[in-house]
Amino acid sequence: MFLIIDVGNTRVKVAVYENDVVIDRMVFLKVKIIEELEKIILKYPILNSIVSSVASFSEKEEEKIIELINPIILNHETKVPFENMYDTPKTLGVDRIALAAAAVKKYPDTNTLVIDAGTCITFDFITKDKKYLGGAISPGIAMRYRALNTFTSKLPLLKQTHISDFIGRNTDTSIHSGVINGVYNEIIGLINQYKAGYQDLTIVLTGGDTKFLAEQLKSVIFAHPNFVLEGLHTILIYNLEDD
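Owing to the predicted nature of the structure, the values given are computational and were not obtained by experimental measurement.

Student: Account for the sheet that holds strand β10 (residues 201–206), naming residues and giving values.
Tutor: With respect to topology, six strands assemble into an open sheet ordered β6-β9-β8-β7-β10-β11, the strand pairing being mixed. Only two strands of the sheet have a single partner each, and these edge strands are β6 (83–84) and β11 (222–223). Note that β10 and β11 share two bridges and pair parallel. By the bridge assignment, V204 is partnered in β11 with F222. Docked against the sheet, helix α5 (residues 171–197) engages β7 (111–117), β8 (120–126), β9 (131–139) and β10, running at close to 10 degrees with respect to β8.

This is the structure:
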């Protein structure tokens, strides 16, 4: 069995794989990672594991994780099933590396644009010949709402909601229109830019806001909420086979 671990700033997403099938999936707070890993290795005979983390661990935590599961810790030097053409590979986020690996495995022989709608909205483009070119990073939905509240004196902090009209009739609906309609049009606009330059384009939507956005974008995308975990599993298998 393989243990796949995606560590965010506050939460950890975990999947247990057996024969390429997810048999268990869980989410817990980052501060509980050692406690939860101890439970997992008691429950499942884990043979190999991989960790992707956008957050930092204390030296003590990292030593304990290595002691418990001895994982591959994903970084820019990890072997991956694509050619990384990014100008600054050391700065490429491990989550984006995992997404590119998932795209190569799930949609081979096609150009793929992966849109990860989370804290930030990232766009990652992988060519049909398995070359990662780069993409874009912009503020996520929640970040846009917070920015309007934080950097003004009177605009309220609102929560995301679906809009029925692109014309805001009051301050609240104007904010919702600006944020939600702005995100929709940003995504559609970038998709159209890629389509103009690359044929056979597959669009993948993932991240925490997948469900919210997919309802409006379903005609142009494949929704994969756990695409990072799939990519990490792909990288783990790739490294084991390479050994």
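More follows now that the structure is in view.
Student: Lay out the environment of Y17 in plain terms, naming residues and giving numbers.
Tutor: Looking at the element boundaries, Y17 is found in strand β2 (residues 11–18). Residues Y17 and S56 lie 39 residues apart in sequence; the distance between their C-alpha atoms is 25 Å.

Student: Any chance you could break down the environment of D6 for me, citing the residues and the numbers?
Tutor: Within the element layout of this structure, D6 appears in strand β1 (residues 2–7). Put simply, D6 and N75 are 69 residues apart on the chain and 13 Å apart in space, counted from C-alpha to C-alpha. If we ignore the near neighbours within four places in the chain, the residues touching D6 are R11, V12, K13, S52, V228, L229 and L232.

Student: Any chance you could break down helix α1 (residues 33–43) for me, citing the residues and the numbers?
Tutor: Taken together, the buried positions of α1 are occupied by I33, I34, E36, L37 and I40. Along the long axis of α1, the arc covered by the buried residues comes to 160 degrees, so they all point the same way. More than 90 degrees from the buried face of α1, the exposed residues found are L42 and K43. If you follow the buried residues of α1, they end up packed against β1, β2, β3 (21–29) and α2 (59–69).

Student: I'd like a rundown of the pattern of salt bridges, residues and numbers included.
Tutor: Enumeration according to the criterion identifies eight salt bridges in this entry. Salt-bridge contacts for E67 lead to K64; the nearest nitrogen and oxygen are separated by 3.4 Å. In this pair, E67 and K64 are both assigned in helix α2, three residues apart and thus about one turn of the helix distant. One connected set of salt bridges, linked through shared partners, spans E35, E36 and K39.

Student: Go over the packing of α5 against helix α6 (residues 210–217) with me, naming the residues and quoting the values.
Tutor: With their axes 11 Å apart at the nearest point, α5 and α6 run at an angle of 65 degrees to one another. Overall, the two elements α5 and α6 adopt an arrangement that is roughly perpendicular. In the crossing of α5 with α6, the sense of the turn from one axis to the other is right-handed. Contacts between α5 and α6 involve I180, V183, Y184, I187 and I188 from the first element and F212, L213, Q216 and L217 from the second.

Student: Explain the packing of helix α4 (residues 141–150) against α5 to me, and be specific about the residues and the numbers.
Tutor: At a minimum axis distance of 10 Å, the contact between α4 and α5 shows a crossing angle of 145 degrees. As α4 runs across α5, the sense of the crossing is right-handed. Seen from α4, the contacting residues are I141, R144, Y145 and L148; seen from α5, they are I175, H176, V179, I180, G182, V183 and E186. Here the residues of the contact of α4 with α5 are counted per class, giving seven nonpolar, two polar and two charged.

Student: Quick one: what's the story with the nonpolar core, residue by residue and with numbers?
Tutor: Ranked by internal contacts, the top residues of the largest apolar core, which has 30 residues, are I4, F82 and F227. Among residues more than four places away in sequence, those in contact with F227 are L99, A102, A103, K106, Y107, V114, V204 and T206. With 26 residues, the next largest nonpolar core counts A117, Y145, L201 and L217 among its residues.

Student: Before we move on, could you go through unusual backbone geometry and cite the residues and values that matter?
Tutor: One non-glycine residue, N19, lies in the positive phi region at around 55 degrees. For N19, the position within the fold is in the loop between β2 and β3. You can call N19 exposed: its relative accessible area is 68%.

Student: An account of the sheet that holds strand β4 (residues 48–53) is needed here, citing residue identities and associated values.
Tutor: The sheet built from five strands is open, its strands ordered β3-β2-β1-β4-β5 with mixed pairing. Edge positions in the sheet fall to β3 and β5 (72–73), since each of these pairs with one other strand and no more. Bridge count between β1 and β4: six bridges; the pairing is parallel. Each residue of the ladder has a partner; that of V7, found in β4, is S53.

Procedures and definitions
- Residues numbered from 1 in each chain as written.
- Predicted model: local features only at pLDDT ≥ 70, side-chain atom pairs only at ≥ 80, totals over all residues.
- Heavy atoms only, no water.
- Pairing = 2+ DSSP bridges.
- Helix = DSSP H or I, 4+ residues; strand = E, 2+ residues; numbered from the N terminus.
- Contact = heavy atoms within 4.5 Å.
- Axes fitted to C-alpha atoms, helices over the stretch in contact; angles between N-to-C directions.
- Buried < 20%, exposed > 50% of the residue type's maximum accessible area, 1.4 Å probe, protein only.
- Arc of directions from axis to C-beta.
- Salt bridge = Lys/Arg side-chain N within 4 Å of Asp/Glu carboxyl O.
- Parallel < 35°, antiparallel > 145°, perpendicular 65-115°, else oblique.
- Left-handed = near helix turned anticlockwise from the far one by under 90°.
- Nonpolar A, V, L, I, M, F, W, Y, C, P; charged D, E, K, R; others polar.
- Core = buried A, V, L, I, M, F, W, Y, C linked by side-chain atoms within 4.5 Å.

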